[in-house]
Structure formats: C-alpha cells, structure tokens
Amino acid sequence: MAEIKKITKAEQQGQTKIRTVPVAVTPEGFWCCPSPVAFQKTLKSHHSLHKPKHSPPTTDKKPAEKEKEKEKRPSSTTIRSVIASDEQQQQQSNPEETTHHSIAVPVTVQERPERQKVETLPRKVAIEFGEPGSSDAKVILVGKQGFCVKLSVHKKVLVDHSSFFAKKLSEKDSVFACLEIESCEDAEIYVETVGLMYCKDMKQRLMKQNVSRVLRVLNVAELLGFGSCVQSCLDYLEAVPWVGEEEEEKVISSILRLKTEGVSVVTTPVLKRVASSSVDPPKETLSRIIELVLRSKEEKSRREMKSIVLKLLREQNGNNVAENFNETIYSSCQSCLDSVLSLFRQDESDAKQIGVEADNLTWLLDVLAERQAAEEFSVTWANQKELALLHEKVPLVSRYHISRVTSRLFVGIGRGELLPSKDTRLLLLTTWLQPLFKDYNWLQHGCRSFDGKLVEEGIGRTILTLPLEDQQRILMSWLGSFLNGGDGCPNLQRAFEVWWRRSFVRPYSDRQGSGVSQTDSTSKE
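Computed from a predicted structure; not experimentally measured. (Residues numbered from 1 in each chain as written. Predicted model: local features only at pLDDT ≥ 70, side-chain atom pairs only at ≥ 80, totals over all residues. Heavy atoms only, no water.)

1. Structural notes on the sheet that holds strand S4 (residues 137–142)
Thought 1: Taking strand neighbours across the sheet as the criterion, the four strands line up as S3-S5-S4-S6 in an open arrangement whose pairing is mixed. Unpaired on one side and paired on the other, strand S3 (124–128) and strand S6 (177–181) mark the two borders of the sheet. Looking at each pair of strands side by side, their axes are set apart by 15° on average, direction ignored.
Thought 2: Across five bridges, the pairing between S3 and strand S5 (residues 148–153) is parallel. The residue bridging Ala 126 from the neighbouring strand is Lys 150, located in S5.
Thought 3: Where helix H4 (residues 163–170) meets the sheet, its contacts fall on S4 and S6, and the angle it forms with S6 comes to roughly 125°. (Pairing = 2+ DSSP bridges. Helix = DSSP H or I, 4+ residues; strand = E, 2+ residues; numbered from the N terminus. Axes fitted to C-alpha atoms, helices over the stretch in contact; angles between N-to-C directions. Contact = heavy atoms within 4.5 Å.)

Here it is as structure tokens:
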C-alpha cells in the first residue's frame, strides 16, 4: 500500500492545541485534498480514537471558565490548517501509525475564536503519489494569496494521460523535472484530477461526487488535456439526474463550451437529453398534447394539465413554438363547436358534456389570446347564429356554460388581448349579449372561476368602442334588462355614465365648435 507523507509546520501565536486528523488513503495510492467539511467530519469521528500521546499541560479551572473556553473553540478546521515544508520532509510520524490505511496528520486549532491574520495562515501543502520516494517529477500549484501545493508525481503517468504535461515535460532536459502552474484558481480539483491519473477505475471514483464537483473536474481535465477523464466525466453527466434548471444550465453550458472549443470527445449523448433529433415536427407533438388534454375523461387531471400547458406556453411567449401551431388550435376549436352544436340539437341535452366542451373552448381561447391570435375565433363565435338560436331552447342548467365563452371574449377585448374589427365587435354584442344577460345569474352562482366584475368591465369597454349610436342602442337595451333583472343582470353603470357624458354633458360637436371659436379669437388678437 502506497503511503502519502504530510508534515505540518505553523507559526503559532498564543496557546494552541495539537490534534491529529486521520486522512484516508485510497487503494490506488493517492490522496486528493479533502474539503473543509471532510476535515471537520473526520475530526469529530476520530477525535476520541486518536488522541495525542503528549497533551499540553492543563491547569485546574473553574466550571464557568471551562464553559467559556468551550464556547470559544472553533467548530471546524480547514485545509489551510495543514502545513508542510521541504525542510521537514525527513521527519516522519510514528511508524506504527503508517502501517494502516490512514495516517495521522497533526493539525493546529486555535483556541481563540479570533480570525487568523493572513501572514499566519498555512502556506504550503505537500502531496506524494505512488510509492514513497519513487517520484521523478514535481508539480507546484501556486494559488491565490501565495497558497502553494507541491505534488510529487511520475513523468510516465503524466505523459501517458495528459497532453499538457507531455508537452511541458518534453521541454525539460533534467532528470528530475519541476513544473509550476501559476494563478491556480482551483488547486483542490487540480490535485484530484492528477490523482485520477493514478486511478484504475475513474467511473467508481466519480460516482462518489456530485454534478457540480464533476463539472469542476471536467474543466481542469480539459485544461490538462486529460482525454480519458473528460470522457469519464461526460459518461457520468449523461447518466446522473440533473436537479433543477440551474444545474441543467451549468451542465449544458459546459458541454457546449467543449463542443465549440473542438475538444475531441463525443458530447452528443449528453446533449440528447435536451435536444431531440426526432423526425416528428413540433406541430405533430403539440397537436397530440392538445388532443389528449381535450379528450381526457378525468376532470381533475384535465384541469391540471390545461393549467400546466397554458403556463408553459405563456413562459415561451410564442418563442420556439411551431408557427403553424395556431392552425391546430383552430382545428380543435371547430371540433368543439361541432360537438356543442350536436349536443344542442339533441332532444335531451347532456349538461355535463356541454360543460366539458365549453371549458375546452374557453381554454383554447386562453391559448390563442396568449399567442395574440384570437381575432379569428371572435369572428367565428360572432357568426354562430344557429347556436345562438338553439340557446334559448336548451334548459338553463345546461346552456349557461356556453356564456362563459362569450364572457371570456369580452374580457379579452376589454384587456386589449384581441382587437377584432368594428363589425365583428358589433356582431358579437348583437348575437351573444342577450343570451349572456339571461345566463348571468347562473354564471355568478354556478361557476367558481367566474369573475363578475371583470366580465362587466369587459362588456362595458367593448360597448364603448362602438359608434355612439350603437352604444346608445345597446345600453338602452341593457337598461331595460337591468331594471327588471337587478343583480341577475350585468351592472354596466360605469359604461352607461361614459355614454351619458359623451352624449349630453359635452358632446364632441360642441367641443369641436369651441375649439374653432377659440382659434378664431386667438388669430384675431
């Protein structure tokens, strides 16, 4: 079993306490820098088993003082607590300890909670790979703030696995080569990547890591020209689940960067998770989804999927969606309309199925409104003369669902989601406003998602977009229904007030004449 030598040296200020931390040696004979969390866990788990043989002298203290001292002790140690120097490499720890799979590394832990000054922090870490004393090359990683990691390695291993090291070592003539990598931002991962060159089964090693760490290894392996490691990382990323959109974006960006930089590895298997080479066009897939949702017999599942599909289309805001997708929506709308007409023509109407078809039409209208393509639907609905005539003959409990579609159209026009022509708006009000008045009371009490205030505002705004004569005719008709129906009729008082001011308080003709007179008087002056 290969052993790794670590000797620490630190400048100590004040009273310090020496503790030993076991460091695991892998079967392949290398050690990679453990994270601070690993040091902390190791310290806690082995503190009771590996106590120092010579502990510093202690003095009797009061219980209160002991409690304060306990609170002052730091809760963790860091990798910067391990110090090594070339002058101490001949000093070895107890031989009995080095015969095991773990070695004890002295670690200094400050008893005081004050933060160490920069000049007192550990500066060097030395790591040896393979059999002790067999290395014939040294790699020095110089990190930020002067932190340094010295790796004792073997030329053959580096040359066989890394094109970067092979090029650098070919430039060295001496028997014992020394390479220095400056401005090393991720020394810990550099050490782990070099260690993977000594590993027989990189897949097993990477399985113990998370996606974020493997991406870091992938980045360093690419810089070092470590092709087999890059491929092993890609195999890992292809198989492991990506948790969350943020992690997925990191993986995809890393893979695309490899592809653009011309790295000679196969990235397609990883990208297949997010990019399909299927021959089925998007229109076919979207059409299938719409059909499945509309024909679902389970009400709860149908409602949930309608909400999800609408949300996803809203997030895309029309981008990356098939341009001819609207044709599929309108085809589904026509199918639903045909089904409603067929149900209305029956002697005994099916209230439940009429409700389902009306809900489908409303949802399809929502989709079209999100895609800013609902004008054609308003034209189609305004021209449903037969459906409007059959509406009066169908029992109220069955027919009121259809008025939800009319209400949604008025809300869309009031919000500016669709901009039908004047003739279409007038025809829509002429054909469907009276049926809506008759069903309004049932809509208020029989439909949980019905927002009366929003519908009333939409109807009023739609009326006020018409010429003044049409406004008067429609609002006078509404006034008779409202005075007889009360709360069972939409409250269009706000639209009525606007029409009144336009007609009687200060007509446009008077304002126009006033403007002309004022202009004339100004010119005379």
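2. Description of the pairing of S4
Thought 1: In terms of burial, S4 is largely enclosed, as five of its six residues are buried.
Thought 2: Summarising the sheet, S4 and S5 pair through six bridges and their orientation is antiparallel. Among the inter-strand pairings, Ala 137 is bridged to a residue of S5, identified as Val 153.
Thought 3: Sheet topology note: the S4/S6 ladder contains five bridges and is parallel. Each bridged residue has a counterpart across the sheet, and for Ile 140 the counterpart in S6 is Glu 180. (Buried < 20%, exposed > 50% of the residue type's maximum accessible area, 1.4 Å probe, protein only.)

3. Some words on unusual backbone geometry
Thought 1: Non-glycine residue Ser 183 carries a positive phi angle of around 50°.
Thought 2: The backbone of Gln 372 sits at a positive phi, close to 55°, despite the residue not being glycine.
Thought 3: Its location among the elements puts Gln 372 in the loop between helix H14 (351–370) and helix H15 (375–382).

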